[in-house]
Amino acid sequence: MTPTRTPGTGATPARPPVRILVCDDHAVVRAGLLALLRSAPDIEVVGEAGSGEEALALARKTAPDVVLMDLQLGEGIDGVETTRRLRATTPAPHVLVLTTYDTDADVTRAVEAGATGYLLKAERAEDLFTAIHAAAQGRPALSPPVADLVMSRLRNPRPALTPRERDILTHLSRGLPNHAIARALYISEATVKTHLRRIYDKLGVDTRAGAVAVAKEQRLLP
């Protein structure tokens, strides 16, 4: 497609800056990110949030193109749940995860919640800027280690656990008995047992200890 040109000048007009909202619960990290982002002429910071709840409220007010999202946000909802809720709004901003966590479980949960990209905080500034512009256009952006993890998973598929099964597996790994898991998840003990049977089948085990061992080996736990 031929770019639109400004009449009389022959020049392609500059694209508008990407409007971005930053969500990170560490004030010092957030300040550094804001300073870095404000140094880029084609990025406009429209807000900063220290919690998921604050990010949701600010997104409704500022309508950012991209939300730069940390996964661990202290008290309140985490980055994955915040991402899920942001993607359910209208208009829905794209979410670019920026975190130190690169486990299979973290990446899977973020992508399933609707994240457009997943970057590690060790990335160079230029790579972060590139990822922000890609996310603003709805294109995926992954740090190399995360991309390697995704490719490895495609070559060697992990068991496809549901979010509820992952919740139960997480509580299982903490040594909770069935009745405690049921109470924590507000479900019946019979439902917990049903989920456990499905988890055992998917992981190819027949004991609680075996399920936890395979889950750790396959990096299925957060």
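As named in an unreviewed UniProt entry, the protein chain is Response regulator transcription factor, taken from Streptomyces sp. 900105245.

A. Representation of the overall build of the protein chain within the structure. The secondary structure content of the protein chain amounts to 10 helices and six strands. Taking all 222 residues of the protein chain together, the buried fraction comes to 43%. For the protein chain, long-range pairs separated by at least 24 residues make up 61% of all intrachain contacts whose partners lie at least 6 apart in sequence. In the form shown here, the protein chain has an accessible surface area of approximately 11800 Å², with 55% of it arising from carbon and sulfur atoms.

B. The arrangement of the environment of Ile132 in detail. With respect to the secondary-structure elements, Ile132 resides in helix α5 (residues 125-136). Ile132 gets classed as buried once you look at its relative accessible area, which sits at 0%. Note: C-alpha distance between Ile132 and Arg19 (113 residues apart in sequence) is 9.7 Å. Ignoring any residue separated from it by four or fewer positions in sequence, one finds Ile132 in contact with Val18, Ile20, Leu37, Ile43, Val66 and Leu96.

C. Structural view of the sheet that holds strand β1 (residues 18-23). As summarised here, the arrangement of the six strands in space is β2-β1-β3-β4-β5-β6, forming an open sheet in which the pairing is parallel. Sheet topology places β2 (43-49) and β6 (141-142) at the edges, where each strand pairs with a single neighbour. Here four bridges tie strand β4 (residues 94-99) to strand β5 (residues 117-120), and the two strands are oriented parallel to one another. Its bridge partner lying in β5, Thr99 is registered against Leu120.

D. The nonpolar core, seen in detail. Ile20, Leu37, Ile43, Leu68, Leu96, Leu128 and Ile132 are the most contacted members of the largest nonpolar core, which totals 21 residues. Counting only elements with at least two residues in this core, the list comes to β1, α1 (27-38), β2, β3 (66-69), β4 and α5. Once residues lying within four places of it in the same chain are set aside, the contact partners of Leu37 are Ile20, Val22, Ile43, Val45, Leu68, Leu128, Phe129 and Ile132. Counting residues in hydrophobic clusters, the runner-up holds 19 residues, among them Leu161, Leu196, Tyr200 and Leu203.

E. Region of the structure containing the environment of Asp70. Here Asp70 is to be found in the loop between β3 and α3 (79-87). Along the backbone, Asp70 and Lys121 are 51 residues apart, and their C-alpha atoms lie at a distance of 9.5 Å. With residues near it in sequence (within four places) discarded, Asp70 still touches Cys23, Asp24, Asp25, Gly79, Leu98, Thr99 and Lys121.

F. Representation of unusual backbone geometry within the structure. Residue Pro91 is reached from Thr90 by a cis peptide bond, and omega for that bond is -5°. As for its placement among the helices and strands, Pro91 is situated in the loop between α3 and β4. A positive phi angle, close to 60°, is found at Tyr186, a residue other than glycine. Locating Tyr186 in the fold gives a position in the loop between α8 (178-185) and α9 (189-203). With a relative accessible area of 76%, Tyr186 lands in the exposed category.

So, how was this worked out
Residues numbered from 1 in each chain as written. Predicted model: local features only at pLDDT ≥ 70, side-chain atom pairs only at ≥ 80, totals over all residues. Heavy atoms only, no water. Helix = DSSP H or I, 4+ residues; strand = E, 2+ residues; numbered from the N terminus. Buried < 20%, exposed > 50% of the residue type's maximum accessible area, 1.4 Å probe, protein only. Contact = heavy atoms within 4.5 Å. Areas by Shrake-Rupley, 256 points an atom, 1.4 Å probe, with all protein chains shown as cover. Pairing = 2+ DSSP bridges. Core = buried A, V, L, I, M, F, W, Y, C linked by side-chain atoms within 4.5 Å.

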